[in-house]
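If you want the building blocks of each chain, they are given just below.
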Amino acid sequence: MSATDMPAVPTPSQLSHIDDDELARLASNWRALAGRGDREAFGIAHALEVEQRRRTRVSQLQQLPEDPAPAPRPWWKFWQPASERNPTSAS
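Computed from a prediction, not measured in an experiment: that's the story for all the values here. (Residues numbered from 1 in each chain as written. Predicted model: local features only at pLDDT ≥ 70, side-chain atom pairs only at ≥ 80, totals over all residues. Heavy atoms only, no water.)

Across its full length, the protein holds three helices and zero strands. For the protein, the N- to C-terminal ordering of α and β elements is α-α-α. Burial status across the protein gives 20% buried among its 91 residues. For the protein, restricting intrachain contacts to residue pairs at least 6 apart in sequence, the fraction spanning at least 24 positions comes to 53%. Summing over all exposed atoms, the protein offers an accessible surface of approximately 7,200 Å²; the carbon and sulfur share of this is 57%. (Helix = DSSP H or I, 4+ residues; strand = E, 2+ residues; numbered from the N terminus. Buried < 20%, exposed > 50% of the residue type's maximum accessible area, 1.4 Å probe, protein only. Contact = heavy atoms within 4.5 Å. Areas by Shrake-Rupley, 256 points an atom, 1.4 Å probe, with all protein chains shown as cover.)

In structure tokens, the structure reads:
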């Protein structure tokens, strides 16, 4: 798929068939055309870049480990972090 094959703003279903490297190349090419004043290229470049960000966000979220929930602390000790509590005192 080349820059001249895509006459209108592509839909997400059309973009789902493009691999990541090709998507990056197309976005760069269309952004260059948009930078030279082509108004139609601006919309297409934007759609391609949105798809790139969506894919990056999904892949980054898959890499994040699950964080354990912090231990609850009494409401009256809201000013004192859990790490500074006296372990010998009765709570």
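Moving on, we come to helix 2 (residues 20-35). Over its 16 residues, helix 2 runs 22 Å from end to end, which matches the ideal 22 Å to within 8%, given 1.5 Å per residue. Buried residues of helix 2: Leu-23, Leu-26, Ala-27, Trp-30 and Ala-34, and no others. Take helix 2 and look down its axis: the buried residues cluster within an arc of 100°, on one side only. Exposed side of helix 2, more than 90 degrees from the buried face: Asp-21 and Gly-35 are the residues found there. The elements touched by buried residues of helix 2 are helix 1 (12-15) and helix 3 (39-63). Looking one or two residues past helix 2, Gly-37 carries a phi angle of roughly 105°, positive in sign. (Expected span 1.5 Å × (residues − 1). Arc of directions from axis to C-beta.)

The subject of this paragraph is the confidence of the model for the protein. Overall, the predicted model of the protein reaches an average pLDDT of 79, with 76% of residues at or above 70. Predicted confidence in the protein is weakest over helix 1, with a mean pLDDT of 83, and strongest over helix 2, with 93. (pLDDT = per-residue confidence, 0-100.)

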